[in-house]
Each structure stands twice: as structure tokens, then as C-alpha cells.
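Working through the structure, step by step
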Amino acid sequence: MSGLLAGKRLLVTGVITDASIAFSVAKLAQENGAQVVLTGYGRLSLVERIAKRLPEPAPVIELDVTNQEHLAGLADRVREHVDGLDGVVHSIGFAPQSCLGGGFLDAPWEDVATAVHVSTYSYKSLAMAALPLMSAGGAVVGLTFDATKAWPVYDWMGVAKAGLESASRYLALHLGKRGIRSNLVAAGPLRTIAAKSIPGFEQFEDAWAERAPLGWNLTDQEPAARACLALMSDWFPATTGEIVHVDGGYHAIGA
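Residues numbered from 1 in each chain as written. Predicted model: local features only at pLDDT ≥ 70, side-chain atom pairs only at ≥ 80, totals over all residues. Heavy atoms only, no water.

What about the nonpolar core?
The condition is simple: To define a nonpolar core, start from buried Ala, Val, Leu, Ile, Met, Phe, Trp, Tyr and Cys residues and group those joined through side-chain atoms within 4.5 Å. Only protein chains enter the calculation, and the probe is 1.4 Å; a residue is then buried if its accessible area is under 20% of its type maximum, exposed if over 50%, and partly exposed in between.
Grouped together as the largest cluster of nonpolar side chains are 53 residues, with contacts concentrated most on V12, V25, L38, V185, W208 and M232. The next biggest cluster of nonpolar side chains, apart from the first, holds 28 residues, and it includes V65, A127, I180 and L184.

Considering the UniProt feature "binding site: substrate" (unreviewed entry) in the protein chain
What counts is decided by this rule: UniProt positions are given in the numbering used here, feature names are shortened, and annotations may be inferred rather than shown by experiment. Strands are runs of DSSP state E lasting at least 2 residues, helices are runs of H or I lasting at least 4, and numbering of each runs from the N terminus. In what follows, a contact means two residues having at least one pair of non-hydrogen atoms within 4.5 Å.
Per the UniProt entry, the sites bearing "binding site: substrate" (unreviewed entry) are A95 in this numbering. One can find A95 in the loop between β4 (87-90) and α4 (109-130). Apart from residues no more than four positions distant in its own chain, A95 is found in contact with L100, A115 and M157.

Quick look at unusual backbone geometry
In the Ramachandran plot, V153 falls in the positive-phi region, its phi being about 70 degrees despite a non-glycine side chain. Residue position: V153 is located in the loop between β5 (138-144) and α5 (155-175). Although it is not a glycine, D155 adopts a positive phi angle of roughly 45 degrees. As for its placement among the helices and strands, D155 is situated in helix α5. Exposure remark for D155: the relative accessible area of 15% places this residue in the buried category.

Here we look at the environment of M232
Position of M232 relative to the elements: it lies in helix α8 (residues 222-232). In this structure M232 comes out as buried when scored by relative accessible area, which is 2%. Measuring from C-alpha to C-alpha, the distance between M232 and L5 comes to 7.9 Å, with 227 residues separating the pair along the chain. Not counting chain neighbours up to four residues away, the residues in contact with M232 comprise L5, K8, L10, V25, G87, V88, V89, A139, V141 and R181.

Examining a nonpolar patch on the surface
Under the convention used in this document: Like charges within 9 Å and nonpolar side chains (Val, Leu, Ile, Met, Phe, Trp, Tyr) within 5 Å are joined into patches, using only residues over 30% in relative accessible area that form no salt bridge. Only the protein chains shown count as covering a residue, and every accessible area follows the Shrake-Rupley method with a 1.4 Å probe. Every case where a carboxyl oxygen of Asp or Glu lies within 4 Å of a side-chain nitrogen of Lys or Arg is listed as a salt bridge.
Taken together, the side chains of L4, W235 and F236 make up a nonpolar region of the molecular surface, amounting to roughly 340 Å² of accessible area. For F236, a relative accessible area of 32% puts it in the partly exposed group.

Observations concerning the UniProt feature "binding site: NAD(+)" (unreviewed entry) in the protein chain
We apply this condition: Polar contacts, as used here, are pairs of N or O atoms within 3.5 Å; protein pairs need one atom able to donate a hydrogen and one able to accept it. Residues neighboring in sequence count only if both atoms are side-chain atoms.
Per the UniProt entry, the sites bearing "binding site: NAD(+)" (unreviewed entry) are G14, S20, I21, D64, V65, I92 and K161 in this numbering. Other than its neighbours up to four places away in sequence, D64 contacts Y41 and H70. Among the polar contacts made by the side chain of D64, one reaches the side chain of T66 at a distance of 2.7 Å. Examined against the element boundaries, K161 turns out to sit in helix α5. Other than its neighbours up to four places away in sequence, K161 contacts L143, T144, F145, A147 and Y154.

As for α5
The periodicity of an α-helix, 3.6 residues per turn, causes residues three or four places apart in sequence to face the same way. Using the following cut-off: By this rule, a helix spans an expected 1.5 Å times one less than how many residues it contains.
Look at α5: 30 Å from first C-alpha to last across 21 residues, which is about the 30 Å you get at 1.5 Å a residue. All of the buried residues along α5 are D155, M157, G158, A160, K161, L164, E165, A167, S168, L171, A172 and L175. Buried residues in α5 make contact with α4, β5, β6 (180-187) and β7 (243-246).

Notes on the side chain of D146
For D146, the position within the fold is in the loop between β5 and α5. For D146, a relative accessible area of 8% gives the class buried. In terms of polar contacts, D146 uses its side chain to reach the side chain of T148, at 2.7 Å. Those residues in contact with D146 that lie beyond four places of it in its chain are W151, E165, A186, H245 and H251.

Considerations on the layout of surface pockets
The criterion, for reference: Site definitions follow a grid-based scheme: protein atoms alone, a 1 Å grid, a 1.4 Å probe that fits but cannot get out for cavities, and for pockets an open set with protein on both sides within 12 Å along at least five of seven lines, plus lining residues having an atom within 4 Å of a point. Grid points are joined across faces, edges and corners, and a volume is the space filled by probe spheres set on the points. Classification convention: Asp, Glu, Lys, Arg as charged; Ala, Val, Leu, Ile, Met, Phe, Trp, Tyr, Cys, Pro as nonpolar; all other residues, Gly among them, as polar.
In this model, the second largest pocket occupies a volume close to 150 Å³. In terms of lining residues, the second largest pocket is bounded by Q68, L71, A72, L74, A75, D76, Y121, K124, S125, M128, A129 and P132. Counting only elements with at least two residues in the lining of the second largest pocket, the list comes to α3 (68-79) and α4. No other element matches α3, which puts six residues into the lining of the second largest pocket. Looking at the lining of the second largest pocket residue by residue, the class counts come to eight nonpolar, two polar and two charged.

In C-alpha cells form, the structure reads like this:
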């Protein structure tokens, strides 16, 4: 095999439709020589249908990142398809509707706890579940939305992403001695299923397209996916605890 990820074995979470960033990651990874295993949650048959649209059909493992039994059995399930892992992609996030769209002051703790468990704590949980498969080191890469600012309508998901960014730095600290890197890609707004579930998210769209120095395509997941692949490749062997912005440069421009 040839390509940026030739011979790499990757676990990719978060494929829901072919408009998912995770789908672009899986597709490009296969095109660049990687073996890919997917995880799905909920409507597993839907993920399995989407997996057939990849260059090579990929196996799909059921994984609820809040289910300890699923996490405990993940390594054995992955070993049914590959003998280890070189990279893990965390593309998982969820917040109840009360936590989004302007409900910051009223969201109950139970809903906030769900958002933090699924969107933040799961990054550590997934990494630890995959750890037995990464004896030779490797990379964990997650997806965030710039949490250095308070965004309208993003509310508690923004807080969860801030926690994710901190968790990635702590994973970098604690897993570095095992040769495992932890990095995040901060993508600009994209018209994914996750974005459509956030009331008022379209407020970002016009501003992003107008202000991003390089412009911004709301329907092109490939730039973010390419960054994920680069961070999992051998071209970033000494980079960890980093956040790579793939947002057309929007984050660098003042109001």
C-alpha cells in the first residue's frame, strides 16, 4: 500500500451520514493506505449502510461511550478485524436541547451532565478503551469547535468543548510516555447532522463565509478530515496537546 497512512490501523467513531466529518476521515484514510474500523451508536444498520459507501466496506462495532460494558469489550471487538491500532478518531458529541439555543441559564444539571459525559469525558474513556491495542504508540485525534470564545446558541456544548480541549492536553501529558499523541482539530461550522440539531446555528454561516481570510465552504468536510489524517500520520511525531484550526483562518481575525 502507498499513501500517508500506509499500513496504519484506525478506529473511527462518529460516522452517521456521508456528510459527517468522520466519514471523510474514513474515506481519505482508506485512500491513503489505512485499514479502518468504524463504531456506531443507536441505528447501527444506518452506519453499516453508510460504511458500504467507502472505497472499501469497513466493519462496524457498536459503541456507546457512556456504556462501561461497551468500553470494556472494545479492544476484543476491534481485534476481530485488526491486530492493533495506530490511531483513534473521536468524533462524538451530544447535548440535550435544553443545553443549546440560548438555554444556558436554565439548563438543568442532569442535561449538562449528559453533555459533558458524552462530549468531554468520552474522549478519555475512548482512549483508555483503545489503549490495550496501542502498545506501539500512536495518535488520538478529536474534533472541537473553538472553545476559547462564548458562541451564541452553543451554550453548554461550548463548555463541554472547552473541557474536551483541556482533556486532550491532559491525555497528552499522561499518555506521552506510552508514545501516544493527543491532538484536536478545530473545524469551522459545517452543515452536519450535529450542526443541524443546534437551534440558530445558521447564525455562524454568513459571518464565517464573510470573515474567514481563506473563505469557508460549509459543505466541505475534507479540509478538517485531512488535518485529522496528518495528525495521525508519521509526519507529526513530536506534536501533542495541540489544537489545529481548520476554519479558513476565522479564529485569527478580530471582530
